[in-house]
Amino acid sequence: MKAPNPSPVSSSSCCFLTLLLWALSSTAAGLIGHYEAPQATTPGFTSRHDSTRNTNDQNHDIEERRVSSGLGCGNTYVNCEQYCEVCEYFPTRTECYATLFMGTCYINFVSAMESLNNTDWCNWNNVKRMYNTFTMCTEEIAECLLIPWPNRMVENEFVNIHSRFFRDCPNEALSDPPPSIVFALVMTPICLIPIMVVLVVLKTKNGDGSS
C-alpha cells in the first residue's frame, strides 16, 4: 500500500510566512535598539562620587551666601568655621550667638554646677575651672562670629548665673571689718585732738614768755 503524498504548499502561503517572519524580526530589532538598560540602584545608597559632589555643592552654596551677606568669620579658634556654618541658617548673627551660647556654653556650665553640692558652690577652688571654661566659651563664639564681647546678653546671663548659684555666698571683699579695727580707727583721731590742743596751748605760752 503506497503512503499518500503530502499536499504541496502553495506559493501564496510561503510568501505570507516570509512576510510575517520579517515583520516580527524588524519589530524585535527596533525594540532592542531603543531599549536602554536602567542603572542599578539600591535604596538609600549614594555613590562616593555623588556624595562628594553634593558636599562640594553645599559648601559652595554656603560660601556664596556668606559672601553675598557680607558677613565674615573669625579664624582665631579651631571651631570658628563650624560656628559660622551653623549661623548661615539664622536671620542674624545675634540670634545665632544666643542659640550657640545656650546650647554650647550655658547648658554645660549648669550641668557641671548641678553635679556639685550647693554647699560647694561658694568654694572658688571647686568652681574656678568650670567658671573659666564657661567664660572662654562665650568669648570664643563671639570672636568667631565677629560679635563684640562682652555684650549685653552675656552680661545679663552672668548676672542670672550669679543670682542662681552664688547669691548666698559671702562676699569677703565687701564685708565689714572686725569691731576691734573699727574701734581703733574711730578712737585714734578722737584721742589725738586733745593732745594737739595741749601742744598748741603750750607752744603759745612759750612764745609769749620769750617775748
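Here the structure is a predicted model, which means the values were calculated and not measured.

K.L.:
Lay out the packing of helix 4 (residues 93-114) against helix 5 (residues 124-144) with the relevant residues and their values.
P.N.:
The interhelical angle for the contact between helix 4 and helix 5, taken along N-to-C directions, is 175°, at an axis separation of 10 Å. Accordingly, the angle class assigned to the pair helix 4 and helix 5 is roughly antiparallel. Residues Y97, L100, F101, T104, C105, Y106, F109, A112 and M113 of helix 4 pack against V127, M130, Y131, F134, C137, T138, I141 and A142 of helix 5. A class-by-class count of the residues in the contact of helix 4 with helix 5 yields 15 nonpolar, two polar and no charged.

K.L.:
Talk me through the packing of helix 3 (residues 80-87) against helix 5; I want residue IDs and the actual numbers.
P.N.:
In contact at an axis separation of 9 Å, helix 3 and helix 5 are set at 65° when each is read in the N-to-C sense. With respect to helix 5, the element helix 3 is oriented roughly perpendicular. Crossing of helix 3 against helix 5: the hand is right-handed. Judged by residue contacts, C80, Y83 and C84 of helix 3 engage E140, I141 and C144 from helix 5.

K.L.:
Kindly report on helix 5, identifying the contributing residues and their values.
P.N.:
With 21 residues, helix 5 ought to run about 30 Å at 1.5 Å a step, and its terminal C-alpha atoms sit 29 Å apart, in line with that. Those residues of helix 5 that fall on the buried side of the exposure criterion are V127, M130, Y131, F134, T135, C137, T138, E140, I141, A142 and C144. Close packing links the buried residues of helix 5 with helix 3, helix 4 and helix 6 (152-165). At the exit of helix 5 stands L146, carrying a positive phi of roughly 60°.

K.L.:
Mind laying out the state of the cysteines, listing which residues take part and the relevant values?
P.N.:
Enumeration over the complete set of coordinates arrives at five disulfides. Each sulfur in the disulfide pair C80 and C144 lies 2.0 Å from the other. In this structure the cystine formed by C80 and C144 twists about its S-S bond by roughly -65°; its chirality is therefore left-handed. With C80 in helix 3 and C144 in helix 5, the pair connects residues that are 64 residues apart, well separated along the chain. With respect to burial, C80 and C144 carry one shared label: buried. Each sulfur of the disulfide joining C122 and C169 lies 2.0 Å from the other. Here C122 and C169 share a disulfide; its torsion about the S-S bond, -90°, makes the bridge left-handed. Note that C122 is positioned in the loop between helix 4 and helix 5 and C169 in the loop between helix 6 and helix 7 (179-210), a separation of 47 residues in sequence.

Each value, and the rule that gives it
- The residue numbers shown here count from 1 along each chain, following its written sequence.
- The predicted nature of this model means local features are confined to residues of pLDDT at least 70 and side-chain atom pairs, given and counted, to a pLDDT of 80 or more, with totals for whole chains, interfaces and linings taken over all residues.
- Side-chain metrics rest on all non-hydrogen atoms present in the structure, leaving aside hydrogens and water.
- Lines fitted to C-alpha atoms define the axes here, with helix axes fitted over just the stretch in contact, and angles between the N-to-C directions of these axes take values from 0 to 180 degrees.
- Secondary structure is summarised from DSSP: a helix means a run of H or I of at least four residues, a strand means a run of E of at least two, and numbering begins at the N terminus for each.
- Here the word oblique covers every angle except those under 35 degrees (roughly parallel), over 145 (roughly antiparallel) and from 65 to 115 (roughly perpendicular).
- The contact rule is simple, with two residues in contact once any of their heavy atoms fall within 4.5 Å.
- Think of it as three bins: nonpolar holds Ala, Val, Leu, Ile, Met, Phe, Trp, Tyr, Cys and Pro, charged holds Asp, Glu, Lys and Arg, and polar takes everything else, Gly as well.
- Crossing handedness: left-handed means the near helix sits turned counterclockwise from the far one by under a right angle, and right-handed means the same turn made clockwise.
- A helix is expected to reach a length of 1.5 Å times the quantity of its residues less one.
- For every residue, the accessible area (1.4 Å probe, protein chains only) is compared with the maximum for its type, and the residue is labelled buried under 20%, exposed over 50%, or partly exposed between those bounds.
- Note that a disulfide, as used here, is simply two cysteine sulfur atoms within 2.5 Å.

Without other data, these values stay purely geometric and don't point to any function.
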